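Below, each chain spelled out in residue letters.
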Protein chains: 2
Amino acid sequence: MLKYPKPLEDLIEDFTRLPSVGKKSAERFALYVYTKMDEETTHNFSKHLIDVKDNIHICKSCGNICEDDLCTICKDHTRNHKQVLVVETIKDLYTIENVNEYQGIYHVLNGAISISKGVGTQDLNIDSLVKLVQTEELEEIILATNATLEGEITARYIKELLQSYPVKVTRIAHGLPVGGEMSYADEMTLLKAMEGRREY
Amino acid sequence: MLKYPKPLEDLIEDFTRLPSVGKKSAERFALYVYTKMDEETTHNFSKHLIDVKDNIHICKSCGNICEDDLCTICKDHTRNHKQVLVVETIKDLYTIENVNEYQGIYHVLNGAISISKGVGTQDLNIDSLVKLVQTEELEEIILATNATLEGEITARYIKELLQSYPVKVTRIAHGLPVGGEMSYADEMTLLKAMEGRREY
């Protein structure tokens, strides 16, 4: 097996670390950098990797990413700071935010309880959420963890943890996706859709 | 639209430059670097990008990539230096080499003649191939450019260019892929398969 020169092999290995990038794709990426990417762009790429590690911080309040101590959402006083939407990841926060509908603030858990992945409650930003409930007069906590086993367990755990506090805890709705046909839905989705039925 | 912090946006843009990487994948890659990749790995990744640009050279003889002046294949005196296989890209060279069958040397054109992409004969390593034919007593030039319009035009151009020299010029075979069914083959492949038929 003919190996690529060491510097290229190293870069291929780096690319394979990225999610869903196999050996073949990593090879294409590394060869692209070598053959097609100009010097300046490559140097910027190299610098940006370090910048991301050095210059992005976690918002002290919600766990979102930002360049300062507080993220733009937490700093925005026109938003409803009494309504907190709890998500598993930063990506989920951006997904919901870009629907342009929600006006409250967020709380990023940084994962979900998972026995198989060895993620316990102590690994998640749950303490800070409880502290927020204790110190602020919140009106509603919306649990928007994923509709997976892990997401459900995490939502249930938080709900029980907050039971003694005077705050409304809600869960986002699960059911048939808009435009989805009954016959294509899986059993669990159909069950959730039935459970969550409302007067019409 | 909520934007990611500047350092992350920059890195996302870098990732989208890679072949077949869209905005969504680039976001996942950049967020992975930020949330999951440790400091040391990220620093190495950053360094390897520069290393690839600085420490990989083009083999003076065949156009392959290497860390010295000559690549390992050209330096290998056990190989048949009278047989030269002409490929479009370095990737093609590695593909053929890793079949572990070919024992000659290579010549990398660095592309193919393409009117739509504005690639002319002067942009390819064709002069050096002619010089090789003029100075060395070669036995065979195998044209292994792609079975595309560009690859065919390039092969034809080189064949005509070398017509006056006493060297055998061959073209790799095109036809039904091994394991392929007739009914799934496209018209051009079937035509090539018919043209290339041999006594059985």
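Just above sits the structure.
A brief report on the enclosed structure follows. (Residues numbered from 1 in each chain as written. Chains lettered and ligands numbered in written order. Predicted model: local features only at pLDDT ≥ 70, side-chain atom pairs only at ≥ 80, totals over all residues. Heavy atoms only, no water.)

## Description of the packing of aromatic side chains
Our working rule: A pair of aromatic rings is counted whenever rings of Phe, Tyr or Trp (Trp by its six-membered ring) have centres within 6.5 Å, and the orientation is called stacked for planes under 30 degrees apart, edge-to-face for over 60 and tilted otherwise. A run of H or I in DSSP becomes a helix once it reaches four residues, and a run of E becomes a strand once it reaches two; helices and strands are each numbered from the N terminus. Residue burial is assigned from relative accessible area. The probe radius is 1.4 Å, only protein chains are included, and a residue is buried under 20% of its type maximum, exposed over 50%, and partly exposed in between.
Summed over all chains, the structure comprises 10 aromatic pairs over all chains. On the numbers, 6.5 Å between centres and 65° between planes, the contact of A:Phe29 with B:Phe29 is edge-to-face. Residue A:Phe29 is found in helix H2 (residues 23-35), and its partner B:Phe29 is found in helix H2 (residues 23-35); the two belong to separate chains. The pair A:Phe29 / B:Phe29 is uniform in exposure class, with both members buried. Judged by centre distance (4.0 Å) and plane angle (25°), the ring pair of A:Tyr94 and B:Tyr4 falls under stacked. Taken as a pair, A:Tyr94 in helix H5 (residues 90-97) and B:Tyr4 in the segment before helix H1 (6-16) lie in two separate chains rather than in one. Like A:Tyr94, the residue B:Tyr4 is buried in the burial classification. Feature note: the residues A:Phe15, A:Phe29, A:Phe45, B:Phe15, B:Phe29 and B:Phe45 constitute an aromatic cluster, connected by ring pairs.

## Some remarks on the environment of A:Ser25
All names here are of chain A. Along the polypeptide, Ser25 turns up in helix H2. Judged by relative accessible area, Ser25 falls into the partly exposed class, the value being 26%. Separated by 72 residues in the primary sequence, Ser25 and Glu97 place their C-alpha atoms 31 Å from one another.

## So, the sheet that holds strand E3 (residues 80-87) of chain A
All names here are of chain A. Quick reminder of the rule: Between any two strands, pairing holds if DSSP finds at least two bridges. In this description, a line fitted to the C-alpha atoms serves as the axis of each element, helices being fitted only across the stretch in contact, and the angle between N-to-C directions of two axes falls anywhere from 0 to 180 degrees. Throughout, a contact is declared for two residues whenever any of their heavy atoms are within 4.5 Å.
Across the sheet, which stays open at both edges, the four strands sit in the order E4-E3-E5-E6 with parallel pairing between neighbours. In this open sheet, the two strands that pair with only one neighbour each are strand E4 (104-108) and strand E6 (168-171). Each strand of the sheet is rotated relative to its neighbour by a mean of 25°, with strand direction disregarded. Sitting on the sheet, H5 touches E3 and E4, and the angle it makes with E4 is about 160°.

## Observations regarding the interface of chain B and chain A
As a reminder of what qualifies: As a working definition, buried area equals the accessible area (1.4 Å probe) given up by two parts on being put together, with both sides summed. The salt bridge definition used is simple: a Lys or Arg side-chain nitrogen within 4 Å of an Asp or Glu carboxyl oxygen. Polar contacts, as counted here, are pairs of nitrogen or oxygen atoms within 3.5 Å of one another; within protein the pair requires one atom able to donate a hydrogen and one able to accept it, and residues that are adjacent in sequence qualify only if both atoms are side-chain atoms. Charged means Asp, Glu, Lys or Arg here, nonpolar means Ala, Val, Leu, Ile, Met, Phe, Trp, Tyr, Cys or Pro, and polar covers whatever is left, Gly included.
Contact residues are listed per partner, giving 57 residues for chain B and 58 residues for chain A. If you sort the residues of chain B by the area they bury against chain A, B:Leu2, B:Tyr34 and B:Lys53 come out on top, with a joint share of 14%. Where chain B meets chain A, there are two salt bridges. A:Glu27 is paired through a salt bridge with B:Lys91; the nearest N and O atoms lie 2.5 Å apart. Applying the counting rule to chain B against chain A returns 17 residue pairs in polar contact (both at pLDDT 80 or more). Of all the secondary-structure elements, those providing two or more residues to the side of chain B that touches chain A are H1, H2, helix H3 (39-55), strand E1 (57-58), strand E2 (65-66), helix H4 (72-75) and helix H5 (90-97) of chain B. A total of 15 residues in the side of chain B that touches chain A trace back to one element, the largest contributor, which is H3(B). Partitioning the side of chain B that touches chain A into residue classes produces 29 nonpolar, 13 polar and 15 charged.

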